[in-house]
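Topology and contacts: notes
Okay, here's what each chain looks like letter by letter:
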Amino acid sequence: MDLTWNEFERTDMRVGTIIEVNDFPEARKPAYQLTIDFGAEIGIRKSSAQITKRYQKEDLVNRQIVAVVNFPRKQIAKFMSECLVLGAVGEEGDVILLAPDFKIENGLRIS
């Protein structure tokens, strides 16, 4: 089903920098808890991400990512996810994070 241009424009995708990564042992599938800085306008948001197959915690800190920031909050186990980190999903279910090629300002909108 095709989206209209107006529907697409309602999706607020922004660049953010991961500032903290924690294990998420309560998750049904292996995941990390991420704390992400989206700049002054949006602030700090948390998300869980099933990215443990390709990424180590220490490699994620200070990494920029792309996320949807205007979805409703979602309870995952005892954790409240406040945004959706975007990535390409491989055949094995491993996720490759979407990210800008260059270091840019946190909070910039994806269009």
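Described in the following lines is the structure provided in the data block. Just so it is clear, the model here is predicted, and its values are computed rather than measured.

**Considering the sheet that holds strand β7 (residues 84–85)**
- As summarised here, the arrangement of the 5 strands in space is β3-β2-β1-β4-β7, forming an open sheet in which the pairing is antiparallel. Strands with a single pairing partner mark the edges of an open sheet, and in this sheet they are β3 (44–49) and β7.
- Pairing between strand β1 (residues 13–23) and strand β2 (residues 32–37): 6 bridges, direction antiparallel. Note that in β2 the partner of Asn22 across the bridge is Gln33.

**Things to note about the pattern of salt bridges**
- Inspection of every chain in the model, using the stated rule, returns 5 salt bridges.
- Between Asp12 and Arg14 there is a salt bridge, with its nearest N and O atoms 2.6 Å apart.
- Residues Asp12 and Arg109 are paired through a salt bridge, measuring 3.1 Å at the closest nitrogen-oxygen approach. Here Arg109 lies in the segment after β9 (95–97) and Asp12 lies in the loop between α1 (5–9) and β1, a separation of 97 residues in the sequence.
- A relative accessible area of 13% places Asp12 in the buried class.
- Note on Arg109: relative accessible area 43%, which makes it partly exposed.
- Through salt bridges that share partners, Asp12, Arg14, Glu41 and Arg109 make up one connected network.

Analysis parameters
- Residues numbered from 1 in each chain as written.
- Predicted model: local features only at pLDDT ≥ 70, side-chain atom pairs only at ≥ 80, totals over all residues.
- Heavy atoms only, no water.
- Pairing = 2+ DSSP bridges.
- Helix = DSSP H or I, 4+ residues; strand = E, 2+ residues; numbered from the N terminus.
- Salt bridge = Lys/Arg side-chain N within 4 Å of Asp/Glu carboxyl O.
- Buried < 20%, exposed > 50% of the residue type's maximum accessible area, 1.4 Å probe, protein only.

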